[in-house]
Amino acid sequence: MSASLYHLHIAESGYRPQHYAYYYKQWKQYEMDYHQHQSTEIMYMISGCCRIELYPSSGTPKQAENDNAVKGVSVDLQKGQFIVIDANIPHRLIVGDTPCRMLNLEFGLQSCAPTASILHQLIQQEKELAELIHTSQPYMVLSDPEDVYYTLKSLVLELDQQREGSMLGDLLFAQLLVRIARLSQEHRQQQTPLSERYVHQSIQFMRQNYDRSIRMEQIAASVNVHPSYLHRIFKKHMHSTPTDYLNTLRMDKAMMLLGQTDIPIAEIADYVGVASRPYFHLLFKKHTGHTPADYRMQSERFVRSYQEPANETTDNQPFHE
């Protein structure tokens, strides 16, 4: 059993969530005593505001009275923000005259077979989640665009129906951690140099608009910088120009559409934002070494050869006269 979310063995072994408490609560003019849990706690601010006081380093509130080296931390939470408090961190809640409504979840992780652990599989695939569990921190405060809240609500609803240990509960918990991990990464990126943020935001714009006929001026405008400046910093960080990156993204999408769908080849160019079909064929040949038609034919041949063992088994059933 691991009370903390930050446990190195989680990435190597199988773990499932163990939920200890989950509840909605409205507070007003309340001051909680310092306490700590043998579990990780998520406190989500639905409305209003509150203050969380913590002692994240080694020490307790009583020790702080006699030792100036023991420092407390005060965190103000607003609507749409949440705090993740690691296990065994002394903390308390303070609410003033303005009421606040919260949704709380307290959980730990219990060991299980890796094959039965959704978390184990996700950690191998989601780099943000792997980074989160390897970055131990006493507490973490994040602002939520409501993705975390809706997932947290769905998880608590599932638990309220007394379905502790259900597969859906495990899936929702895993989704919750992934959303928190991605938010955490976005928060770290906002603290990176401005040029890196511009590059990251421009990549997001291209990924969301590659199906349109977008130009360099539009990409630069999406992050409010001059095209020549974006071109320079993009090449520095990505070792590629924005145009080359966009073309690579489009051709990767075209490969997927040619290999995985029945969309006519003549329409693929439009799906990936290339207005000229001859130019699309030229880009695709340069990117893959094949024409779109040859690439689709090879993909179909692979699918047929992959399916042959099943057909062969069917054909070799015993013959009965």
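For every chain, the first residue of its written sequence is number 1, and the numbers climb from 1 along that sequence. Owing to the predicted nature of the model, reporting of local features is limited to residues with pLDDT of at least 70; listing and counting of side-chain atom pairs is limited to 80 or more, with chain, interface and lining totals taken over all residues. Derived side-chain values reflect all non-hydrogen atoms in the structure, with water molecules and hydrogen atoms excluded from consideration.

A. Region of interest: the layout of surface pockets. The distinction between a cavity and a pocket rests on a 1 Å grid over the protein atoms alone: a 1.4 Å probe fits inside a cavity but cannot get out, while a pocket stays open yet meets protein on both sides within 12 Å along at least five of seven lines, and a residue with an atom within 4 Å of a point counts as lining. Grid points are joined across faces, edges and corners, and a volume is the space filled by probe spheres set on the points. The volume enclosed by the largest pocket comes to roughly 330 Å³. Taken together, Lys127, Glu128, Glu131, Arg182, Gln185, Glu186, Gln189, Gln190, Arg197, His200, Gln201 and Gln204 form the lining of the largest pocket. In DSSP terms, a helix is any run of H or I states spanning at least four residues, a strand is any run of E spanning at least two, and both are numbered starting from the N terminus. Within the residue set of the lining of the largest pocket, elements represented by two or more residues are helix 3 (127–133), helix 5 (167–190) and helix 6 (194–209). Here the lining of the largest pocket gets five residues from one element, more than from any other, and that element is helix 5. Classifying every residue of the lining of the largest pocket by side-chain character gives no nonpolar, six polar and six charged. Estimates place the volume of the second largest pocket at around 210 Å³. Around the second largest pocket sit 14 residues that line it, and Ile214, Thr243, Leu246, Asn247 and Arg250 are the ones nearest its centre. Of all the secondary structure elements, the ones that give two or more residues to the lining of the second largest pocket are helix 7 (216–222), helix 9 (242–260) and helix 11 (277–288). Of all the elements, helix 9 adds the most residues to the lining of the second largest pocket, at four residues. Lys, Arg, Asp and Glu make up the charged group, whereas Ala, Val, Leu, Ile, Met, Phe, Trp, Tyr, Cys and Pro make up the nonpolar group; the residues left over, Gly among them, are polar.

B. Looking closely at the packing of helix 9 against helix 11. Two elements in contact, helix 9 and helix 11, have axes separated by 10 Å at closest approach and are oriented at 90 degrees. Taken as axis vectors, helix 9 and helix 11 run roughly perpendicular relative to one another. Here Asn247, Thr248, Met251, Asp252, Ala254, Met255 and Leu258 of helix 9 come into contact with helix 11, specifically with Tyr279, Phe280, Leu283, Phe284, His287 and Thr288. Note on geometry: axes are C-alpha line fits, over the in-contact stretch for helices, and angles between N-to-C directions span 0 to 180 degrees. Any angle between 65 and 115 degrees counts as roughly perpendicular, while under 35 counts as roughly parallel, over 145 as roughly antiparallel, and the rest as oblique. For this analysis, residues touch if any pair of their heavy atoms sits within 4.5 Å.

C. Spotlight on the environment of Val148. Structurally, Val148 is set in helix 4 (residues 147–160). Exposure categories follow from relative accessible area, calculated using a 1.4 Å probe and restricted to protein chains: below 20% of the type maximum is buried, above 50% is exposed, and the middle band is partly exposed. Residue Val148 is classed as buried on the basis of its relative accessible area, which comes to 1%. C-alpha separation for the pair Val148 and Gly80, spaced 68 residues apart in sequence, amounts to 9.5 Å. Apart from the residues within four sequence positions on either side, Val148 is in contact with Tyr44, Phe82, Leu176, Arg179, Ile180 and Leu183.

D. Seen up close, helix 8 (residues 227–238). Taking 1.5 Å per residue, 12 residues should reach 16 Å; helix 8 reaches 16 Å between its end C-alpha atoms and fits that length. Buried residues along helix 8 sit against helix 6, helix 7 and helix 9. The span you would expect from a helix comes to 1.5 Å times its residue count less one.

E. Seen up close, the environment of Gly259. Tracing the chain through its elements places Gly259 in helix 9. The sequence separation of Gly259 and Arg296 amounts to 37 residues, and the corresponding C-alpha distance is 5.7 Å. Among all residues touching Gly259, those that are not within four sequence positions of it are Tyr295 and Ser299.

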